[in-house]
Amino acid sequence: WGSKLVAREGVKVHGQWQNLDPDDAATYFKRGGVYEKLGLYDQALQDYSRALDVKQTLLNKSFFKIVVKCRAKIYQERGQIEKALEDYELIIDHYPDDPWIYFLKGDLLKVNNRYEEAINYFSRVLQFEPEFDVAYPAYVFRAMCFSALNKHDKADADYEKAAQLEKTHEKP
């Protein structure tokens with residue numbers, strides 16, 4: 001109850017802030033987060049979308065990605081997979097240099113049994129020659145997709161690459 005009460009108060013406060021500056025994307029984003037915590041997903045989606053409509057949002061790379069990822073997460077939780085995939089593609093269109101976005105999109109495709117598409121996105125992750133934190137799960141998840149498609153030789157090769165990465169990343 002305590003956190004829901006605080007969240008409800010947050011919605012009221014953010015609503016008042018909105019009266020002060022309707023072009024403040026951060027306010028929409030914060031209020032969207034409060035709505036999300038309350039389980040008011042329609043309102044959260046609306047505020048996240050409003051935050052994206054503010055022209056300055058696109059200019060701030062990290063803020064833009066955070067807002068779109070939050071919206072995609074809600075779409076994903078609601079089973080609106082195509083909308084979530086569109087949001088990940090929106091980030092890729094504007095900022096194609098982030099391997100994590102390709103990974104997130106590949107993961108969403110994988111959990112929805114769209115293995116061929118997922119393999120393509122995990123492969124794109126690996127083209128970046130990324131750090132261990134994203135390369136390791138990309139190899140493992142791509143191997144899982146290969147396995148699901150009965151391409152066991154490719155799956156084994158990716159599992160082996162993941163194991164090699166893990167060995168080189170281990171602390172002495």
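Note that this is a predicted model, so its numbers are computed, not measured. (Residues numbered from 1 in each chain as written. Predicted model: local features only at pLDDT ≥ 70, side-chain atom pairs only at ≥ 80, totals over all residues. Heavy atoms only, no water.)

## Thoughts on the packing of aromatic side chains
Counted by the stated rule, this structure contains 10 aromatic pairs. Ring centres of Phe29 and Phe63 lie 5.5 Å apart, and the angle between their planes is 80°; this geometry places the pair in the edge-to-face category. With a gap of 34 residues between them, Phe29 in helix 2 (residues 25–38) and Phe63 in helix 5 (residues 61–77) connect regions that are remote in the sequence. The exposure class of Phe63 is buried, given its relative accessible area of 18%. Between the aromatic rings of Phe122 and Phe141, the centroid separation amounts to 6.0 Å while the plane-to-plane angle is 80°, which identifies the pairing as edge-to-face. Of this pair, Phe122 sits in helix 8 (residues 115–127) while Phe141 sits in helix 9 (residues 132–148), placing them 19 residues apart in sequence. The class of Phe122 is buried, set by a relative accessible area of 0%. Taken together, Trp100, Phe103, Phe122 and Phe141 form an aromatic cluster joined through their ring pairs. (Phe/Tyr/Trp six-rings, centres within 6.5 Å; stacked < 30°, edge-to-face > 60°. Helix = DSSP H or I, 4+ residues; strand = E, 2+ residues; numbered from the N terminus. Buried < 20%, exposed > 50% of the residue type's maximum accessible area, 1.4 Å probe, protein only.)

## Some remarks on the pattern of salt bridges
Tallied over the entire structure, the rule returns 13 salt bridges. Here Glu36 makes a salt bridge to Lys73, at a shortest N to O gap of 2.9 Å. Placement of Glu36 in helix 2 and of Lys73 in helix 5 is noted, with a sequence separation of 37 residues between them. For Asp107, the salt bridge identified is with Lys110, shortest N-O distance 3.6 Å. Residue Asp107 and its partner Lys110 are located together in helix 7 (residues 99–111), separated by three residues, close to a single helical turn. Looking at Asp107, the relative accessible area reads 22%, which means it is partly exposed. Judged by relative accessible area, which is 12%, Lys110 ranks as buried. (Salt bridge = Lys/Arg side-chain N within 4 Å of Asp/Glu carboxyl O.)

## Description of the packing of helix 6 (residues 81–94) against helix 7
Interaxial distance between helix 6 and helix 7 falls to 9 Å at its minimum, and their mutual angle equals 165°. Here helix 6 is positioned roughly antiparallel relative to helix 7, judged by the angle of their axes. You can see that helix 6 and helix 7 cross each other, and the crossing is left-handed. Contact residues: Ile81, Ala84, Leu85, Tyr88, Glu89, Ile91 and Ile92 in helix 6; Ile101, Tyr102, Leu104, Lys105, Leu108 and Leu109 in helix 7. (Axes fitted to C-alpha atoms, helices over the stretch in contact; angles between N-to-C directions. Parallel < 35°, antiparallel > 145°, perpendicular 65-115°, else oblique. Left-handed = near helix turned anticlockwise from the far one by under 90°. Contact = heavy atoms within 4.5 Å.)

## Topic: the environment of Asp153
With respect to the helices, strands and loops of the structure, Asp153 is situated in helix 10 (residues 152–169). Owing to a relative accessible area of 68%, Asp153 belongs among the exposed residues under this scheme. In sequence terms Asp153 and Ala143 are 10 residues apart; their C-alpha atoms lie 9.4 Å from each other.

## Re the side chain of Lys65
Secondary-structure assignment places Lys65 in helix 5. Those residues in contact with Lys65 that sit more than four places away from it in its chain are Ile91, Tyr95 and Asp98.

## Considering helix 2
Since the α-helix advances by 3.6 residues per turn, residues separated by three or four positions end up pointing in the same direction. With 14 residues, helix 2 extends 20 Å from end C-alpha to end C-alpha; this agrees with the ideal 20 Å at 1.5 Å per step. The N-cap of helix 2, judged by a side-chain oxygen 3.2 Å from the amide nitrogen of Ala26 a few residues on, is Asp24. Directly beyond the C-terminal end of helix 2, a positive phi value near 80° is found at Gly39. (Expected span 1.5 Å × (residues − 1). Polar contact = N/O pair within 3.5 Å; in protein donor to acceptor, adjacent residues only side chain to side chain.)

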